[in-house]
Amino acid sequence: MTENFDDILDKLFDKPEEKMQVEDNENSEQLDLFNVDYAHNGDLPVSVKQKPFASTNLLMRFRSQLNRVIWTGLNATHTKILTVILSKTADQLAAYQKEQIQKKVKELNLDKDNLDKKTLTRIASEVKFPTDLVTRVTYNEIDHAIGYDNNNASIGTYIEGMKNKLEKWREIKADGITASFPMFKGIINNTNKKYFEFVYNDFMINILLINPKTGDFVRYPAREIVDLSSVRSQTLLRLLKQLRTIGSITFRKHTEKTNGKTRIGLWEQLEIPEKTREGKFSSKILKDALIEISPYFTNLNYTKNYGTANGHRVVVSYTFTFEPENPKKNTTYSTPEETLSEGLVNIDSAICLTRKDKFKAIDKFLKQKHGTAEKEYFAVHPEEKEQEKTEDDKLNIDVWQPSRGELTIRDFYDRELGKKVLEANIPKLEKIIAEILEQVRNAKGNMQLVADYNKTLGLLQKKKAIENFENK
């Protein structure tokens, strides 16, 4: 089950608290990243108003079997719409499960004090989900959830295109069952009342969606997918989020069969043309996707794993790593300010991105004109413009070759902090990093604090690498 025991008991027996109302992003105070003075600094670009984040608070929940299917041919808008549909379905099933558990608890005359975890788990596992499930979504719900404001003009066209693509999804396997039919029996478009009804195929609920007997769930806010503009970024985020509480996942480069099981390769999942060169994939296609998803992972990184083919050294797989998320982390009802603060901290923590990449990531994340973040930063910190290349080279040395490159107190904005950092051992550095991170979050994206955080984190990685090397 996806929630802890106490949370479930509270929902079953206590009066639910009213959901926190999320402020409209357009009315929220805009975060000033670099203390920009547009009125008096002539070197600044024209002020670009940040576009709102997706306002949906739907939660994407499905079993990991759905990631074993290539989401063939879907574009970014199709993926957003399907995300909304699956999230709405998950809400229906979660509400149904809760209702059935409550009925059973009442039948057994149990109360909160004598209902133990084992009994609750058994009751939940006995819930039979309906296979004749229909999810209704209005035109306005879809428009609102995916961030469109086009008076429903294109929703029907998008869903018609998505329907044709979904009919190609076949051979979904789970728990000894193979589903060789499309996900939906049909999609009903009621143009009079302006809603769609998605009618699921039999068995699809237990194969793809909530089933309390297994714990292989993918769970993350639907807005994370909706706020991405590239279908490859959406796919990569979806694949990484399936191990969000583990923080490490390896994908074969290409699809292969092992012990009778087919493992879909990363290139096939991202629908990379067969003749694409590895250099273009890693430096352009994969880099662009990592830039866009970086706000949603802490310390995001990846490595290539090599093997031999026809006497040549070739890439055979990719390993992605990031800081594991707390399973109890609140994944919905974040305010725009919280989303913004966390996203900016995560961008700057991305190990696999250069500083230029991070500026691109900020522009993507804030949906502003490309180059805005970089111009704003160097307009406020002109002394760093001359050092830009040196800084990027130094960052790469600290990350990829931790036995080289040295920090000095002058590298820190807060010189007193720099003294503490350079004198600290690994446990003290970890404590300092936690303290800086808390200050960064409280300051909602202060880039001077973020820069000190990143330098401290780089030093910690260096010391750990040296320690590991000496202990071998």
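Bear in mind the structure is a predicted one, so any value in this text is a computation, not a measurement.

Draft legend 1. Representation of the confidence of the model for the protein chain within the structure. For the protein chain, per-residue confidence averages 77 on the pLDDT scale, and residues scoring 70 or more make up 75% of the total. Across the protein chain, the secondary-structure element scoring lowest on mean pLDDT is helix α14 (residues 388-400), at 46, and the one scoring highest is helix α8 (residues 231-241), at 95. Segment residues 14-33 is flagged for pLDDT under 50; beyond a separation of four residues in sequence, or across chains, it makes 33 contacts in the model. Across residues 392-405, where pLDDT falls below 50, the model places 27 contacts with residues more than four positions away in sequence or in other chains.

Draft legend 2. Structural view of the sheet that holds strand β12 (residues 312-321). As summarised here, the arrangement of the three strands in space is β8-β12-β11, forming an open sheet in which the pairing is antiparallel. Each edge of the open sheet is held by one strand with a lone partner, namely β8 (248-252) and β11 (301-309). Averaged over all neighbouring strand pairs, the angle between strand axes comes to 30°, with direction disregarded. Where β8 meets β12, five bridges bridge the pair, whose relative direction is antiparallel. Paired with Ile249 across the strands is Phe320, a residue of β12. Here α8 sits on the sheet in contact with β8 and β12, set at roughly 125° to β8.

Draft legend 3. Spotlight on the pairing of strand β6 (residues 195-200). Of all six residues that make up β6, six are buried, and the element is covered over most of its length. Residue alternation in β6 divides its side chains into two sets, Tyr195, Glu197 and Val199 and Phe196, Phe198 and Tyr200, and both sets are buried. Pairing between strand β2 (residues 134-138) and β6: five bridges, direction antiparallel. By the bridge assignment, Thr138 is partnered in β6 with Tyr195. Where strand β5 (residues 184-190) lies against β6, six bridges are found, and the strand directions are antiparallel. Note on β6: the bridge partner recorded for Ile187 is Phe198. Joining the antiparallel neighbours β5 and β6 is a turn of four residues, in which Lys194 adopts a positive phi near 55°.

Draft legend 4. Examining the packing of helix α2 (residues 76-107) against helix α3 (residues 117-125) more closely. Between α2 and α3, the shortest axis-to-axis distance is 9 Å and the interhelical angle comes to 120°. The angle between α2 and α3 falls in the class oblique. Considering how the two elements wind past one another, α2 and α3 form a crossing that is right-handed. On α3, the residues touching Gln97, Ile101, Lys104 and Val105 of α2 are Leu120, Ile123 and Ala124. Here the residues of the contact of α2 with α3 sort into five nonpolar, one polar and one charged.

Draft legend 5. Region of interest: the sheet that holds β2. One open sheet holds the three strands; their spatial order is β2-β6-β5, and the pairing between them is antiparallel. Strand pairing shows two members of the sheet lacking a second neighbour, β2 and β5, which therefore form its edges. Shown here is a sheet whose adjacent strand axes are inclined to one another by a mean of 15°, direction ignored. Across the sheet, α2 touches β2, β5 and β6, and the angle it forms with β2 is around 125°. In the packing of helix α5 (residues 155-166) onto the sheet, the strands contacted are β5 and β6, and the crossing angle to β6 comes to about 15°.

Draft legend 6. Quick look at the pattern of salt bridges. Counted by the stated rule, this structure contains 18 salt bridges. Across the salt bridge formed by Lys163 and Glu160, the nearest N and O atoms sit 3.3 Å from each other. Remark: Glu160 and Lys163 occur in helix α5; sequence separation between them is three residues, near one turn of the helix. Here Glu278 makes a salt bridge to Lys253, at a shortest N to O gap of 3.0 Å. Of this pair, Glu278 sits in helix α10 (residues 278-293) while Lys253 sits in the loop between β8 and β9 (256-258), and the two are 25 residues apart along the sequence. Assessed through its relative accessible area of 13%, Lys253 is described here as buried. Counted as one network, the salt bridges with shared partners bring together Glu224, Lys241, Arg244 and Glu325.

Draft legend 7. Highlighting the packing of α8 against α10. Where α8 meets α10, the closest approach of the two axes is 9 Å, and the angle between their N-to-C directions is 70°. Taken together, α8 and α10 sit at an angle that is classed as roughly perpendicular. The handedness of the crossing between α8 and α10 comes out as right-handed. Within the contact between the two elements, α8 uses Arg232, Ser233, Leu236, Leu237 and Leu240 and α10 uses Ile285, Leu286, Asp288, Ala289, Leu290, Glu292 and Ile293. Residues that form the contact of α8 with α10 fall into these classes: eight nonpolar, one polar and three charged.

Rules used in this analysis
Residues numbered from 1 in each chain as written. Predicted model: local features only at pLDDT ≥ 70, side-chain atom pairs only at ≥ 80, totals over all residues. Heavy atoms only, no water. pLDDT = per-residue confidence, 0-100. Helix = DSSP H or I, 4+ residues; strand = E, 2+ residues; numbered from the N terminus. Contact = heavy atoms within 4.5 Å. Pairing = 2+ DSSP bridges. Axes fitted to C-alpha atoms, helices over the stretch in contact; angles between N-to-C directions. Buried < 20%, exposed > 50% of the residue type's maximum accessible area, 1.4 Å probe, protein only. Parallel < 35°, antiparallel > 145°, perpendicular 65-115°, else oblique. Left-handed = near helix turned anticlockwise from the far one by under 90°. Nonpolar A, V, L, I, M, F, W, Y, C, P; charged D, E, K, R; others polar. Salt bridge = Lys/Arg side-chain N within 4 Å of Asp/Glu carboxyl O.

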